[in-house]
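What follows is the residue order along each chain.
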Amino acid sequence: MNDFSFYSPTRFVFGRKATDSVGAELAASGYTRALIVYGQGSVVRTGTLDRVKKSLEDAGIGYVELGGVRPNPEIASVRAGIELARENAVDIVLPVGGGSAMDAAKAIALGAVYEGDVWDFFRKRAVPTSRIDVACVVSLPASGSEASNSCVISNDEEQLKCGVTTDLNRPVLAIMDPELTFTLPPYQTAAGVTDMIAHIMERFFSGEPAVPVTDNIACGMVRAAMEAAPRVMEDPEDYDARADLMWIGTLAHNGLAGCGLGIPGKRDGDWSCHGMEHELSAFDTTITHGAGLAVIFPAWMRHVWPEHPERFLEFGKQVFGIEPVDPEADGVDIEPELAIGYAVEATIDELQEFFVSLGMPRTLTELGMDEDKVEKLLPGLEINRGKAFGTFKQLTLDDAREIYLSAL
Ligand code: NZQ
Ligand code: ZN
């Protein structure tokens, strides 16, 4: 087990009607003035925003608001939020929504106390040193942003989508009310499930040796997500399945699923698939992050598995009950190497079929990509990841091109 440092300082208030406790929770911690950040209207339509405002009013917390944050949030709304936060001297930034509202809020929180332009952090021209605190009311289990150390923002002018990773990004509070997720469209539910499984797999397939405690937590969570997902597709108001998914989404990305699997001093996972997906949703901002991952992850797996087949065999066994044919015990005449390859391929196929069964795409063509467009993804990838990246198998930009093209 590799050395690790695990820091998850967020208080999680989880359960039915938790939304209505946000004001009391913030007042109890001494906050007095909030900047509410939300997306393009779902929380208005569902009444969640009104409930949050009432809860703040009841607790004597003042607020200003910034709505209209789009999926794959853009730097312009971050800059607008920074102005608002400064003008109103807010002491807490309060996103109400999914990863996009949460990430916009995190960037506002870093930028409001920085003299330069907040985009500097994303282009690695400056390192954040302080922030305004962030508390989240989560409406979409997917990004895990409510407890993660990262924040991902798009810049349309530069056609880039870049992340900032720092413990300053970890929210102080996450209000997690599974009933808020009853209204999610099936596509967003499916993309969310894909994203949380991807967060677990990025760590599982770090390339480092097995860590039984972490591997069991990881594979157990993937199994639980795969069990809950069809239930919410069937019945969007299945509270227990929604609750399971919500909590898996958080634990998938707060660092728990990577303990002992990271290389000290580096990130706790491979993260190549996230890198390659972010270029897709930077290029076409209508591409949903989870949908991109549903295509990229299996394609990456088919490219890299021979590097560490044992990790794929462990994942296949724990998640799908797939084991290689044993020539002796099963009385089959097959080379062991070939048997391993078949088992790995069956594992990747099962995973991809699961994503597709939820309504996720199988190919990049379905997401509107073609060969010429793939070429346009590579410069951004180089800016964000360099010429070589990944820990399971180090990839070059040529490998990345090959993976994208194999997924068309
Ligand atoms: O904008 P509104 O109207 O609110 O609608 C949203 C949006 O259209 C809708 N929605 C959210 N909650 C809803 C709902 N509709 C009905 N009922 C509800 N309860 O869903 C759509 C997608 O929302 P969005 O916030 O964009 O989705 P998600 O939570 O998947 O976040 C995606 C963003 O997070 C980033 C992604 O790159 C992407 O930009 N990520 C952030 C991470 C982090 N900070 O740790 C890690 C992830 O890997 C990811 O990169
Ligand atoms: Zn993700």
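Going by the structure above, here's the rest.
Residues numbered from 1 in each chain as written. Chains lettered and ligands numbered in written order. Predicted model: local features only at pLDDT ≥ 70, side-chain atom pairs only at ≥ 80, totals over all residues. Heavy atoms only, no water.

**So, the pattern of salt bridges**
The full count for this structure, using the stated rule, is 21 salt bridges. One salt bridge in this structure joins Asp238 and Arg231, with 3.3 Å as the shortest N-O distance. The buried category is assigned to Asp238, whose relative accessible area is 17%. Owing to a relative accessible area of 33%, Arg231 belongs among the partly exposed residues under this scheme. For Arg302, the salt bridge is made with Asp349, and the minimal N-O distance between the two is 3.0 Å. With Arg302 in helix H11 (residues 289-304) and Asp349 in helix H14 (residues 336-357), this residue pair connects regions lying 47 residues apart in the sequence. Exposure remark for Arg302: the relative accessible area of 36% places this residue in the partly exposed category. (Salt bridge = Lys/Arg side-chain N within 4 Å of Asp/Glu carboxyl O. Buried < 20%, exposed > 50% of the residue type's maximum accessible area, 1.4 Å probe, protein only. Helix = DSSP H or I, 4+ residues; strand = E, 2+ residues; numbered from the N terminus.)

**A short note on the packing of helix H7 (residues 186-204) against H11**
Between H7 and H11, the least distance of the axes is 7 Å, while the angle of their chain directions is 40°. When the interaxial angle is binned, H7 and H11 end up oblique. Remark: the crossing between H7 and H11 carries left-handed chirality. Note on element contacts: H11 touches H7 through His289, Gly290, Ala291, Leu293, Ala294, Phe297 and Met301, opposite Tyr187, Ala191, Thr194, Asp195, Ala198, His199, Met201 and Glu202. (Axes fitted to C-alpha atoms, helices over the stretch in contact; angles between N-to-C directions. Parallel < 35°, antiparallel > 145°, perpendicular 65-115°, else oblique. Left-handed = near helix turned anticlockwise from the far one by under 90°. Contact = heavy atoms within 4.5 Å.)

**Examining a nonpolar patch on the surface**
On the surface, a nonpolar cluster with roughly 430 Å² of combined accessible area is contributed by Met1, Phe4, Phe6 and Val213. Along the chain, Met1 falls in the segment before strand S1 (11-14). We classify Met1 as exposed; its relative accessible area is 64%. (Patch = residues over 30% accessible without salt bridge, like charges linked within 9 Å, V, L, I, M, F, W, Y side chains within 5 Å. Areas by Shrake-Rupley, 256 points an atom, 1.4 Å probe, with all protein chains shown as cover.)

**What about the side chain of Ser145?**
Here Ser145 shows up in the loop between strand S5 (133-138) and strand S6 (150-155). With near-sequence residues (within four places) excluded, Ser145 lies in contact with Gly99, Met102, Asp103, Lys106, Ser150 and Pro171.

**Topic: the pairing of strand S2 (residues 33-38)**
Counted residue by residue, S2 has 5 buried out of 6 residues, so it is predominantly covered. Pairing between S2 and strand S3 (residues 62-66): 5 bridges, direction parallel. Looking across to S3, one finds that Ala34 is bridged to Tyr63. By the bridge criterion, 5 bridges tie S2 to strand S4 (residues 92-97) in an arrangement that is parallel. Residue pairing in the sheet places Ile36 in a bridge with Leu94 of S4. (Pairing = 2+ DSSP bridges.)

**Regarding the coordination of the zinc ion (ligand 2)**
Taken together, the protein donors to the zinc ion (ligand 2) comprise Asp195 (OD), His199 (NE2), His274 (NE2) and His289 (NE2), at separations of 2.0 to 2.2 Å. Sequence positions of the donors to the zinc ion (ligand 2) reduce to the motif D-x3-H-x74-H-x14-H. Here His199 is found in helix H7, whereas its partner His274 is found in helix H10 (residues 272-283), with 75 residues between them in sequence. The same class applies to His199 as to His274, namely buried. (Donors = N, O, S within 2.8 Å, 3.2 Å for Na, K, Ca; no water.)

**Focus: helix H4 (residues 75-87)**
Compared with an ideal rise of 1.5 Å per residue, which puts 13 residues at 18 Å, H4 spans 19 Å between its outermost C-alpha atoms and is within 8% of the ideal. Listed in full, the buried residues belonging to H4 are Ile75, Ser77, Val78, Gly81, Ile82 and Ala85. Seen along its axis, H4 keeps its buried residues to an arc of 150°; they face one direction. Its buried side turned inward, H4 meets S2, S3, helix H5 (99-111), helix H6 (119-122) and S6. Between a side-chain oxygen at the N-terminus of H4 and the backbone nitrogen of Ala76 the separation is 2.9 Å; the capping residue is Glu74. Downstream of H4 by one or two residues, Ala89 has phi in the positive range, about 45°. (Expected span 1.5 Å × (residues − 1). Arc of directions from axis to C-beta. Polar contact = N/O pair within 3.5 Å; in protein donor to acceptor, adjacent residues only side chain to side chain.)

**Topic: the nonpolar core**
Buried together is how nonpolar side chains tend to be arranged in soluble globular proteins. Of all hydrophobic cores here, the largest spans 65 residues; its most connected members are Trp300 and Tyr404. Ranked by residues supplied to this core, first place goes to H11 with 10 residues. Trp300 has contacts with Phe205, Asp270, Ser272, Cys273, Met276, Phe392, Leu395 and Ile403, leaving out every residue within four places of it along the chain. Of all hydrophobic cores here, the second largest spans 36 residues; its members include Ile82, Ala107, Ala109 and Ile153. (Core = buried A, V, L, I, M, F, W, Y, C linked by side-chain atoms within 4.5 Å.)

**Some words on the site of ligand 1**
Surrounding ligand 1, one finds 32 residues, the nearest of these being Ser42, Gly99, Ser100, Ser148 and Lys161. Considering ligand 1 on its own, with 970 Å² of exposed area, one finds that the protein chains cover 90% of that surface. Going through the elements one at a time, H5, S6, H7 and H10 are the ones with two or more residues in the shell around ligand 1. The residue makeup of the shell around ligand 1, split by class, is 9 nonpolar, 20 polar and 3 charged. (Near = heavy atom within 4 Å. Nonpolar A, V, L, I, M, F, W, Y, C, P; charged D, E, K, R; others polar.)

**Topic: the sheet that holds S3**
Within the open sheet, the 6 strands sit side by side as S1-S8-S5-S4-S2-S3. Their pairing is parallel. Among the strands making up the open sheet, the edge pair consists of S1 and S3. Across the sheet, the mean angle separating the axes of adjacent strands is 20° when strand polarity is ignored. Bridge count between S1 and strand S8 (residues 173-176): 4 bridges; the pairing is parallel. The partner of Phe12 across the bridge, within S8, is Ala174. The sheet strands contacting H4 are S2 and S3, and the helix crosses S3 at an angle near 160°. Contacts from helix H9 (residues 239-251) reach S1, S5 and S8 within the one sheet, and its direction differs from that of S1 by about 170°.

From the geometry alone we can't say anything about function, so treat these as descriptive.
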